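So the chains spell out like this:
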Amino acid sequence: MSLRRLLAPLLLPVLLLFGAAASMPALAQDKVVYHIDNAAEQGTKALRNIRNHLDVAPKTEIRVVTHAEGVDLLLEGAQDKKNNIDYGPLISDLKGRGVRFEVCEITMKRRNLTRDQFVMEAEFTQSGVVRITELQARDRYAYIKP
Amino acid sequence: MSLRRLLAPLLLPVLLLFGAAASMPALAQDKVVYHIDNAAEQGTKALRNIRNHLDVAPKTEIRVVTHAEGVDLLLEGAQDKKNNIDYGPLISDLKGRGVRFEVCEITMKRRNLTRDQFVMEAEFTQSGVVRITELQARDRYAYIKP
Amino acid sequence: MSLRRLLAPLLLPVLLLFGAAASMPALAQDKVVYHIDNAAEQGTKALRNIRNHLDVAPKTEIRVVTHAEGVDLLLEGAQDKKNNIDYGPLISDLKGRGVRFEVCEITMKRRNLTRDQFVMEAEFTQSGVVRITELQARDRYAYIKP
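Residues numbered from 1 in each chain as written. Chains lettered and ligands numbered in written order. Predicted model: local features only at pLDDT ≥ 70, side-chain atom pairs only at ≥ 80, totals over all residues. Heavy atoms only, no water.

On to the environment of A:Pro89, then. All names here are of chain A. Checked against the element boundaries, proline 89 lands in helix α3 (residues 87–96). Residue class for proline 89 comes out exposed when judged on its relative accessible area of 55%. The spatial distance from the C-alpha of proline 89 to the C-alpha of leucine 74 is 11 Å, given a sequence separation of 15 residues. (Helix = DSSP H or I, 4+ residues; strand = E, 2+ residues; numbered from the N terminus. Buried < 20%, exposed > 50% of the residue type's maximum accessible area, 1.4 Å probe, protein only.)

Residue and element names in this part refer to chain C. Bridge count between strand β5 (residues 100–104) and strand β6 (residues 122–125): 4 bridges; the pairing is parallel. Looking across to β6, one finds that valine 103 is bridged to phenylalanine 124. Of the crossover connections in this fold, the one passing from β5 over helix α4 (residues 105–110) to the parallel β6 is right-handed. (Pairing = 2+ DSSP bridges. Right-handed = clockwise from strand over helix to strand, strands pointing away.)

This part takes up the packing of aromatic side chains. The full count for this structure, using the stated rule, is 6 aromatic pairs over all chains. With 5.2 Å between their ring centres and 75° between their planes, A:Tyr143 and C:Tyr143 make a pair best called edge-to-face. Here the residue A:Tyr143 occupies a position in strand β7 (residues 142–144), and C:Tyr143 occupies one in strand β7 (residues 142–144), the pair thus bridging two chains. When its relative accessible area of 0% is taken as the criterion, A:Tyr143 is described as buried. Where B:Phe118 meets B:Phe124, the ring centres are 5.8 Å apart and the plane angle is 80°; that geometry is what we call edge-to-face. A network of ring pairs unites the aromatic residues A:Tyr143, B:Tyr143 and C:Tyr143 as a single cluster. (Phe/Tyr/Trp six-rings, centres within 6.5 Å; stacked < 30°, edge-to-face > 60°.)

With that settled, consider the environment of B:Ile144. The topology assignment puts B:Ile144 in strand β7 (residues 142–144). Apart from the residues within four sequence positions on either side, B:Ile144 is in contact with B:Val32, B:Val33, B:Tyr34, B:His35, C:His35, C:Val129, C:Ile132, C:Thr133 and C:Tyr143. (Contact = heavy atoms within 4.5 Å.)

All names here are of chain C. What the rule picks out here adds up to 36 salt bridges over all chains. Its salt-bridge partner being arginine 97, residue aspartate 55 comes within 2.8 Å of it at the nearest N-O pair. Taken as a pair, aspartate 55 in helix α2 (residues 39–56) and arginine 97 in the loop between α3 (87–96) and β5 lie far apart in primary sequence, 42 residues in all. When its relative accessible area of 47% is taken as the criterion, aspartate 55 is described as partly exposed. (Salt bridge = Lys/Arg side-chain N within 4 Å of Asp/Glu carboxyl O.)

What follows concerns helix α2 (residues 39–56) of chain A. Residues and elements named next belong to chain A. Between its terminal C-alpha atoms α2 stretches 24 Å, which fits the 26 Å expected from 18 residues at 1.5 Å a residue. Along α2, the positions that sit buried rather than exposed are Ala39, Gln42, Gly43, Thr44, Ala46, Leu47, Asn49, Ile50, Asn52, His53 and Leu54. With a side-chain oxygen positioned 3.2 Å from the backbone nitrogen of alanine 40, the residue opening α2 is asparagine 38. (Expected span 1.5 Å × (residues − 1). Polar contact = N/O pair within 3.5 Å; in protein donor to acceptor, adjacent residues only side chain to side chain.)

Once that is clear, we can look at the sheet that holds strand β1 (residues 31–38) of chain B. All names here are of chain B. One open sheet accounts for 5 strands, arranged β6-β5-β2-β1-β7; its pairing is parallel. The open sheet has two edge strands, β6 (122–125) and β7, and neither has a second partner. Neighbour to neighbour, the strand axes of the sheet diverge by 30° on average, direction disregarded. (Axes fitted to C-alpha atoms, helices over the stretch in contact; angles between N-to-C directions.)

Structure follows, in structure tokens:
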């Protein structure tokens, strides 16, 4: 009897914590990485997806990781030429709602791009694909390819 | 001695359960979300992927989440015009095998579509991208973009 | 007192192991599956992504799963015809760095392809989409669609 009383406080936290892990409960904050490797095809679509995403689930932690032809989304003055849309104001608005935008530095090197060519909302990451992998594998980010 | 005997029944379930979580064992039922945002490009491909998926792993829990130009897959009378394929019977067959098909309501609003324009197998979800995120982040669904 | 001393060695491993699972720490080795279903569009892009991936994170466990028009990447003598690039040496190099390449056997059957038509680096899997699902759902692989 006194044994059980001694055990309870030791086991309870284990069980509670474990229960949390096992059932993957609704997180206060879901996380998702949007993968952009072609701004011309994905840009407008992705920015619209993300705006809708936050309209319905405003607490979602969203990262946009760009590499290859995707970094063009974040170049100063970038446009969706087909639909005549300036990306700048859309990016600025989403940044204000907590979205983080990242540019792959390997791509920058290969394409001779420098930091000052990107909008001020842009952050930089050593490798886009490594980043996308780590966000999923280490931090439980969901993945969406627009 | 009597202590160990008392401990065993308390610790065993913890260890068993924990072992299950740590090793991510073959689940009785794997889960996967197929992401469709362009029916013309992905429709036939996706439906064939899913049929093959279930042929090899019939217990897999499959959700198809459609948004943007992807919802066309689930419109009444929808076709793959390039290959002259009616989607209806394929969807009906997959639904019979447990696949669930969902349509993004934000897309419906933007495109002025109503529920009665969709096949009866269709279900509806507030936001396609939120749904895809939640299935991955909360319920451990794998992700496939056909 | 003697009770606690008895309990400690039993509970400690549980807590340590559990802590590891709960916090999802930086793994010694991240894992990621690259999904290829169209070699013409994704081939060169994917192989370059993977090379960059390993340059920055050399310990990453990378699987390339091909199906549908993606298996062409691994056919003997395959080329990126648009850019005049032989895939063979690139695949061989990546295999030497630990990357594993898999071909969907359902696709082979449908397209009447046999094992001896593929490069010797290729491995074979019953179904590409089942494989991609299992790697994510069971083994915590991240997912990248190039």
